[in-house]
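Tertiary structure, described
What follows is the residue order along each chain.
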Amino acid sequence: MTDITRNIKNLLSNIAEVCKANNIDSNHIKIMAVSKYHSTEKIKIAYDNGLRLFGENKVQEYESKYDDFKKHCKDAKMYLTGNLQSNKVKKAVDLFDGIMSINSIKLANKINSHARDINKKIIAYIQINIANEQQKNGVSLNDFESLYNEIKTMKNIILQGIMCIPPAKENPREYFLQMNEIKQKYKLKEVSQGMSQDYQQAITCGTNMLRIGSAIFVS
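What you are looking at is a predicted structure, and each value in this text was computed from that prediction instead of being measured.

This brings us to the environment of Asp-75. Of note, Asp-75 is situated in the loop between helix 3 (59–72) and strand 3 (77–80). As a C-alpha pair, Asp-75 and Leu-53 span 22 residues in sequence and 9.4 Å in three-dimensional space. A distance of 3.2 Å separates polar atoms of two side chains, one belonging to Asp-75 and the other to Arg-52.

Shown next as C-alpha coordinates:
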(Lines give C-alpha, C1' and ligand atoms only; values in the text may rest on other atoms or scores of the structure.)
Protein backbone atom coordinates (compact mmCIF):
# COMPACT_ATOMS: atom_id res chain seq x y z
CA MET A 1 0.00 0.00 0.00
CA THR A 2 1.44 3.38 -0.99
CA ASP A 3 1.48 6.37 1.33
CA ILE A 4 -1.06 8.10 -0.91
CA THR A 5 -3.42 5.12 -0.77
CA ARG A 6 -3.11 5.04 3.02
CA ASN A 7 -3.68 8.79 3.26
CA ILE A 8 -6.83 8.60 1.15
CA LYS A 9 -8.24 5.76 3.21
CA ASN A 10 -7.58 7.72 6.41
CA LEU A 11 -9.10 10.87 4.92
CA LEU A 12 -12.27 9.08 3.86
CA SER A 13 -12.55 7.47 7.26
CA ASN A 14 -12.15 10.80 9.05
CA ILE A 15 -14.73 12.47 6.81
CA ALA A 16 -17.20 9.65 7.47
CA GLU A 17 -16.69 9.98 11.24
CA VAL A 18 -17.23 13.76 11.22
CA CYS A 19 -20.33 13.40 9.07
CA LYS A 20 -21.79 10.68 11.25
CA ALA A 21 -21.17 12.68 14.45
CA ASN A 22 -22.89 15.73 12.95
CA ASN A 23 -25.72 13.96 11.09
CA ILE A 24 -24.37 14.96 7.68
CA ASP A 25 -24.62 12.83 4.55
CA SER A 26 -21.02 12.11 3.58
CA ASN A 27 -22.11 11.44 0.00
CA HIS A 28 -22.61 15.19 -0.38
CA ILE A 29 -18.95 15.94 0.35
CA LYS A 30 -16.68 16.21 -2.69
CA ILE A 31 -12.91 15.91 -2.39
CA MET A 32 -10.65 17.89 -4.67
CA ALA A 33 -7.10 16.57 -4.56
CA VAL A 34 -4.81 19.59 -4.86
CA SER A 35 -1.94 18.16 -6.85
CA LYS A 36 0.24 21.24 -7.31
CA TYR A 37 3.96 20.50 -7.11
CA HIS A 38 3.24 16.75 -7.32
CA SER A 39 4.02 14.43 -10.21
CA THR A 40 1.51 12.84 -12.53
CA GLU A 41 2.57 9.49 -11.08
CA LYS A 42 1.21 10.57 -7.70
CA ILE A 43 -1.93 11.94 -9.34
CA LYS A 44 -2.47 8.56 -11.01
CA ILE A 45 -2.32 6.80 -7.64
CA ALA A 46 -4.95 9.15 -6.25
CA TYR A 47 -7.08 8.54 -9.34
CA ASP A 48 -6.71 4.78 -8.99
CA ASN A 49 -7.98 5.15 -5.42
CA GLY A 50 -11.21 6.70 -6.62
CA LEU A 51 -10.57 10.44 -6.67
CA ARG A 52 -11.95 12.28 -9.70
CA LEU A 53 -11.50 15.98 -8.92
CA PHE A 54 -8.05 17.56 -9.00
CA GLY A 55 -6.72 21.08 -8.59
CA GLU A 56 -3.60 22.78 -9.90
CA ASN A 57 -2.36 26.19 -8.83
CA LYS A 58 -0.58 27.33 -11.99
CA VAL A 59 -1.46 27.14 -15.67
CA GLN A 60 2.07 26.36 -16.79
CA GLU A 61 2.53 23.53 -14.29
CA TYR A 62 -0.63 21.77 -15.43
CA GLU A 63 0.28 22.31 -19.07
CA SER A 64 3.31 20.06 -18.54
CA LYS A 65 1.08 17.37 -16.98
CA TYR A 66 -1.91 17.72 -19.31
CA ASP A 67 -1.26 14.93 -21.82
CA ASP A 68 -0.34 12.35 -19.20
CA PHE A 69 -3.28 13.34 -16.98
CA LYS A 70 -5.83 13.11 -19.79
CA LYS A 71 -4.42 9.79 -20.99
CA HIS A 72 -4.62 8.03 -17.62
CA CYS A 73 -7.37 9.92 -15.75
CA LYS A 74 -9.97 9.78 -18.50
CA ASP A 75 -13.07 10.63 -16.46
CA ALA A 76 -11.38 13.02 -14.01
CA LYS A 77 -11.66 16.81 -14.04
CA MET A 78 -8.90 19.33 -13.39
CA TYR A 79 -9.58 22.77 -11.94
CA LEU A 80 -7.41 25.85 -11.69
CA THR A 81 -7.33 26.82 -8.03
CA GLY A 82 -4.72 29.59 -8.13
CA ASN A 83 -4.84 33.20 -9.25
CA LEU A 84 -5.41 33.60 -12.99
CA GLN A 85 -3.57 36.39 -14.79
CA SER A 86 -5.22 37.98 -17.82
CA ASN A 87 -2.48 36.86 -20.19
CA LYS A 88 -3.05 33.21 -19.19
CA VAL A 89 -6.84 33.17 -19.69
CA LYS A 90 -6.86 31.55 -23.13
CA LYS A 91 -4.49 28.80 -22.09
CA ALA A 92 -6.43 28.18 -18.87
CA VAL A 93 -9.76 27.89 -20.68
CA ASP A 94 -8.17 25.54 -23.21
CA LEU A 95 -6.68 23.24 -20.59
CA PHE A 96 -8.88 23.23 -17.49
CA ASP A 97 -12.37 21.88 -16.89
CA GLY A 98 -13.06 24.57 -14.31
CA ILE A 99 -11.66 27.78 -12.86
CA MET A 100 -12.09 28.38 -9.13
CA SER A 101 -10.53 31.83 -8.81
CA ILE A 102 -12.73 34.32 -10.68
CA ASN A 103 -12.47 37.60 -8.80
CA SER A 104 -13.50 40.37 -11.22
CA ILE A 105 -15.93 41.15 -14.01
CA LYS A 106 -13.02 41.85 -16.34
CA LEU A 107 -11.58 38.38 -15.77
CA ALA A 108 -14.97 36.72 -16.11
CA ASN A 109 -15.58 38.49 -19.42
CA LYS A 110 -12.27 37.25 -20.81
CA ILE A 111 -12.97 33.69 -19.70
CA ASN A 112 -16.47 33.76 -21.18
CA SER A 113 -15.25 35.30 -24.44
CA HIS A 114 -12.58 32.67 -25.09
CA ALA A 115 -14.86 29.83 -23.98
CA ARG A 116 -17.39 31.09 -26.54
CA ASP A 117 -14.69 31.24 -29.22
CA ILE A 118 -13.83 27.57 -28.74
CA ASN A 119 -17.44 26.49 -28.11
CA LYS A 120 -16.77 25.39 -24.54
CA LYS A 121 -18.82 25.67 -21.35
CA ILE A 122 -16.45 26.08 -18.41
CA ILE A 123 -17.30 25.46 -14.78
CA ALA A 124 -16.52 28.44 -12.55
CA TYR A 125 -16.36 29.51 -8.92
CA ILE A 126 -16.15 33.02 -7.56
CA GLN A 127 -13.27 33.44 -5.13
CA ILE A 128 -14.26 35.61 -2.18
CA ASN A 129 -11.69 37.41 -0.05
CA ILE A 130 -13.75 36.55 2.97
CA ALA A 131 -11.57 38.40 5.51
CA ASN A 132 -10.56 41.31 3.23
CA GLU A 133 -6.86 40.44 3.49
CA GLN A 134 -4.70 42.71 1.37
CA GLN A 135 -2.28 39.94 0.40
CA LYS A 136 -4.99 37.61 -0.91
CA ASN A 137 -6.93 37.51 -4.14
CA GLY A 138 -10.69 37.37 -4.32
CA VAL A 139 -13.65 39.68 -4.69
CA SER A 140 -14.71 41.66 -1.64
CA LEU A 141 -18.01 40.92 0.04
CA ASN A 142 -19.24 44.37 -1.05
CA ASP A 143 -18.55 43.60 -4.71
CA PHE A 144 -19.66 39.99 -4.71
CA GLU A 145 -23.28 40.52 -5.75
CA SER A 146 -22.46 42.63 -8.79
CA LEU A 147 -19.90 40.04 -9.96
CA TYR A 148 -22.39 37.23 -9.34
CA ASN A 149 -25.10 39.00 -11.35
CA GLU A 150 -22.75 39.62 -14.28
CA ILE A 151 -21.50 36.05 -14.43
CA LYS A 152 -25.04 34.69 -14.36
CA THR A 153 -25.63 36.40 -17.71
CA MET A 154 -22.58 34.79 -19.35
CA LYS A 155 -23.61 31.86 -21.52
CA ASN A 156 -20.28 30.03 -21.59
CA ILE A 157 -19.64 30.08 -17.83
CA ILE A 158 -21.41 27.61 -15.58
CA LEU A 159 -21.35 29.21 -12.15
CA GLN A 160 -21.06 26.28 -9.78
CA GLY A 161 -20.24 27.98 -6.50
CA ILE A 162 -17.89 30.03 -4.36
CA MET A 163 -14.54 29.41 -2.72
CA CYS A 164 -12.38 31.06 -0.10
CA ILE A 165 -9.13 30.75 1.84
CA PRO A 166 -9.67 32.02 5.40
CA PRO A 167 -6.92 33.71 7.43
CA ALA A 168 -4.21 31.24 8.40
CA LYS A 169 -3.83 32.38 11.99
CA GLU A 170 -7.49 32.69 12.93
CA ASN A 171 -10.22 30.22 13.78
CA PRO A 172 -11.88 29.72 10.38
CA ARG A 173 -15.32 28.80 11.73
CA GLU A 174 -16.97 32.22 11.37
CA TYR A 175 -15.68 32.54 7.81
CA PHE A 176 -16.85 29.05 6.88
CA LEU A 177 -20.31 29.81 8.24
CA GLN A 178 -20.43 33.12 6.41
CA MET A 179 -19.52 31.44 3.13
CA ASN A 180 -22.24 28.84 3.63
CA GLU A 181 -24.78 31.63 4.19
CA ILE A 182 -23.75 33.20 0.87
CA LYS A 183 -24.12 29.84 -0.87
CA GLN A 184 -27.63 29.46 0.46
CA LYS A 185 -28.69 33.06 -0.19
CA TYR A 186 -27.67 32.92 -3.85
CA LYS A 187 -28.81 29.32 -4.30
CA LEU A 188 -25.39 28.09 -5.43
CA LYS A 189 -24.60 24.40 -5.66
CA GLU A 190 -21.26 24.36 -3.89
CA VAL A 191 -19.07 26.12 -1.40
CA SER A 192 -15.42 25.09 -1.66
CA GLN A 193 -13.58 25.56 1.62
CA GLY A 194 -11.63 23.48 4.06
CA MET A 195 -8.11 22.23 3.44
CA SER A 196 -5.89 19.63 5.05
CA GLN A 197 -5.58 21.50 8.34
CA ASP A 198 -9.23 22.49 8.81
CA TYR A 199 -11.44 20.27 6.64
CA GLN A 200 -13.19 18.66 9.62
CA GLN A 201 -14.37 22.04 10.87
CA ALA A 202 -15.39 23.06 7.35
CA ILE A 203 -17.65 20.02 7.08
CA THR A 204 -19.52 20.98 10.25
CA CYS A 205 -20.03 24.48 8.79
CA GLY A 206 -21.73 23.30 5.62
CA THR A 207 -19.02 22.89 3.02
CA ASN A 208 -19.62 20.38 0.25
CA MET A 209 -16.24 20.60 -1.48
CA LEU A 210 -12.93 20.14 0.30
CA ARG A 211 -9.60 21.07 -1.27
CA ILE A 212 -7.07 18.61 0.15
CA GLY A 213 -3.35 18.66 -0.67
CA SER A 214 -0.87 17.56 1.97
CA ALA A 215 -3.26 15.16 3.69
CA ILE A 216 -3.26 13.15 0.46
CA PHE A 217 0.10 13.65 -1.21
CA VAL A 218 2.51 14.03 1.73
CA SER A 219 3.42 11.05 3.88
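Picking up where we left off.
Here the focus is the nonpolar core. Grouped together as the largest cluster of nonpolar side chains are 63 residues, with contacts concentrated most on Phe-54, Ile-111, Ile-126, Phe-144 and Ile-216. In terms of residue count, helix 1 (residues 3–21) provides more of this core than any other element does, 6 residues in total. Judged by nonpolar contacts, the second largest core, of 8 residues, contains Met-32, Leu-53, Met-100 and Tyr-125.

Turning to helix 7 (residues 173–185), a few remarks are in order. Within an α-helix, residues lying three or four positions from one another point in the same direction, as the helix has 3.6 residues per turn. With 13 residues, helix 7 should cover 18 Å at 1.5 Å per step; its first-to-last C-alpha distance of 18 Å lies within 8% of that length. Among the residues of helix 7, Tyr-175, Phe-176, Met-179, Asn-180, Ile-182 and Lys-183 are the ones counted as buried. Down the axis of helix 7, the buried side of the element spans an arc of 155 degrees, and every buried residue falls inside it. For helix 7, the exposed residues set more than 90 degrees away from the buried face come down to Glu-174, Glu-181, Gln-184 and Lys-185. Turning to helix 7, the residues buried within the fold contact helix 6 (141–152), strand 6 (157–163), strand 7 (190–192) and helix 8 (199–204). Of the residues flanking the end of helix 7, it is Lys-187, one or two places downstream, whose phi is positive at about 55 degrees.

Rules of the game
Residues numbered from 1 in each chain as written. Predicted model: local features only at pLDDT ≥ 70, side-chain atom pairs only at ≥ 80, totals over all residues. Heavy atoms only, no water. Helix = DSSP H or I, 4+ residues; strand = E, 2+ residues; numbered from the N terminus. Polar contact = N/O pair within 3.5 Å; in protein donor to acceptor, adjacent residues only side chain to side chain. Core = buried A, V, L, I, M, F, W, Y, C linked by side-chain atoms within 4.5 Å. Buried < 20%, exposed > 50% of the residue type's maximum accessible area, 1.4 Å probe, protein only. Expected span 1.5 Å × (residues − 1). Arc of directions from axis to C-beta. Contact = heavy atoms within 4.5 Å.

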